[in-house]
Amino acid sequence: MLSMKIATYNVNSIRKRLPIVLEWLQQHQPDVLCLQETKVQDKDFPVAPFKDAGYHVTYRGMKSYNGVATLSLREPERVIYGLDDRPDSEDARILQTVIGGIPIVNSYVPQGSSVGSDKYAFKLEWFKQFRNYLELFLHPASPAIWVGDLNVAPEPIDVSHPDRRINEPDFHIDARNAYKQVVAWGFADVFRRLYPERVQYTYWDYFRNAFANNSGWRIDHILATDSLAASCTATDVDLAPRRLPETSDHAIVWAEFTL
């Protein structure tokens, strides 16, 4: 049987974290690594080091904010940029690559700033648009993967001190419901499927010793349609990159599938 290892990492600036990413690739050799918050214009994306490491690179970015990139050992058969596949789409939050016949959707969901703000309204609207995107490009009965910094902790187990977080944009009930409406299209959370009761976070603020105190959030996810989720044999959160100096505030999440 063939296997595929896929990982996701909010890198919080690819140029700042390039050595960390390259080292992780060398150590773990994933088939696919999806990056978010690359924070670099396309013309400045550091393609060469990844090609030298044996990876094909697909990316869409902008200066200082957002940005997604997908690294793959195999060349993608198809690439879709943005939510509607317009040739000039400037949506630097979502990128679909079809690799080995499997669509992999890499996304950086809007954070939302604060509940009640225009940015929070944009977050909720983004989820609605993404549900339409799924109807347009994918089918729940076929293999597909959705990964990224999805900026939602779905359940109380996914955030430290949930009673204090109910009015924060990554745990507010409206954001959680918007996320779950997308998941209900036909996705399964592979981490929670294998570990229904495990407390594990993927993001910790830089401030207030959040990482040392494990005051975090599980907002980086790997989801798969049911047929593919059933073939997920392993998944975990690699904390080692988060422990490094000058690192991202996120850890790397990975999963292995038997195809």
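Residues numbered from 1 in each chain as written. Predicted model: local features only at pLDDT ≥ 70, side-chain atom pairs only at ≥ 80, totals over all residues. Heavy atoms only, no water.

**Student:** I'd like a description of unusual backbone geometry, backed by residues and values.
**Tutor:** Despite not being glycine, Asn-12 shows a phi value in the positive range, around 55°. Within the secondary structure layout, Asn-12 lies in the loop between β1 (3-10) and α1 (14-28). Phi is positive for Asn-214, which is not a glycine, with a value near 50°. Relative to the helices and strands, Asn-214 is located in the loop between β10 (203-204) and β11 (216-217). (Helix = DSSP H or I, 4+ residues; strand = E, 2+ residues; numbered from the N terminus.)

**Student:** Tell me what's going on with the pattern of salt bridges, and back it up with residues and numbers.
**Tutor:** In the structure shown here, the tally under the stated rule is 13 salt bridges. Note that Arg-192 is salt-bridged to Asp-158, the shortest N-O span being 2.6 Å. Of this pair, Arg-192 sits in helix α5 (residues 190-194) while Asp-158 sits in the loop between β8 (145-149) and α4 (173-183), and the two are 34 residues apart along the sequence. For the residue pair Arg-192 and Asp-158, the accessibility class agrees, reading buried in each case. (Salt bridge = Lys/Arg side-chain N within 4 Å of Asp/Glu carboxyl O. Buried < 20%, exposed > 50% of the residue type's maximum accessible area, 1.4 Å probe, protein only.)

**Student:** Hey, could you go over the environment of Asn-213 for me, with residue numbers and the actual values?
**Tutor:** Looking at the element boundaries, Asn-213 is found in the loop between β10 and β11. By relative accessible area, Asn-213 is classed as exposed at 54%. Along the primary structure Asn-213 and Pro-154 are separated by 59 residues, whereas in three dimensions their C-alpha atoms are 21 Å apart.

**Student:** Could you give an account of α4, with specific residues and numbers?
**Tutor:** Quick reminder: α-helices carry 3.6 residues per turn. Residues three or four places apart thus point the same way. Those residues of α4 that sit buried are Ala-175, Arg-176, Ala-178, Tyr-179, Val-182 and Val-183. All buried residues of α4 fall inside an arc of 160° around its axis, so they share one side. Buried-residue contacts for α4 involve α3 (118-137), β8, β9 (187-189) and β12 (220-225). (Arc of directions from axis to C-beta. Contact = heavy atoms within 4.5 Å.)

**Student:** Give a description of the environment of Thr-235 that names residues and reports values.
**Tutor:** Relative to the helices and strands, Thr-235 resides in strand β13 (residues 232-238). Looking at Thr-235, the relative accessible area reads 2%, which means it is buried. Residues Thr-235 and Arg-192, spaced 43 residues apart in sequence, show a C-alpha to C-alpha distance of 9.5 Å. If we skip the residues at most four places from it in the chain, Thr-235 touches Val-190, Phe-191, Leu-194, Tyr-195, Trp-254 and Ala-255. Polar side-chain contacts of Thr-235 include one of 2.7 Å to the backbone oxygen of Trp-254. (Polar contact = N/O pair within 3.5 Å; in protein donor to acceptor, adjacent residues only side chain to side chain.)

**Student:** Account for the sheet that holds β13, naming residues and giving values.
**Tutor:** Taken in spatial order, the six strands of this open sheet run β3-β4-β2-β1-β14-β13, and their pairing is mixed. Across the chains shown, the open sheet's two edge strands, defined by having one partner strand only, are β3 (56-60) and β13. Strand after strand, the sheet turns through a mean of 15° between neighbouring axes, direction not considered. Along the sheet face, α1 touches β1, β2 (32-36), β4 (68-72), β13 and β14 (252-258) and points at about 160° away from the line of β1. (Pairing = 2+ DSSP bridges. Axes fitted to C-alpha atoms, helices over the stretch in contact; angles between N-to-C directions.)

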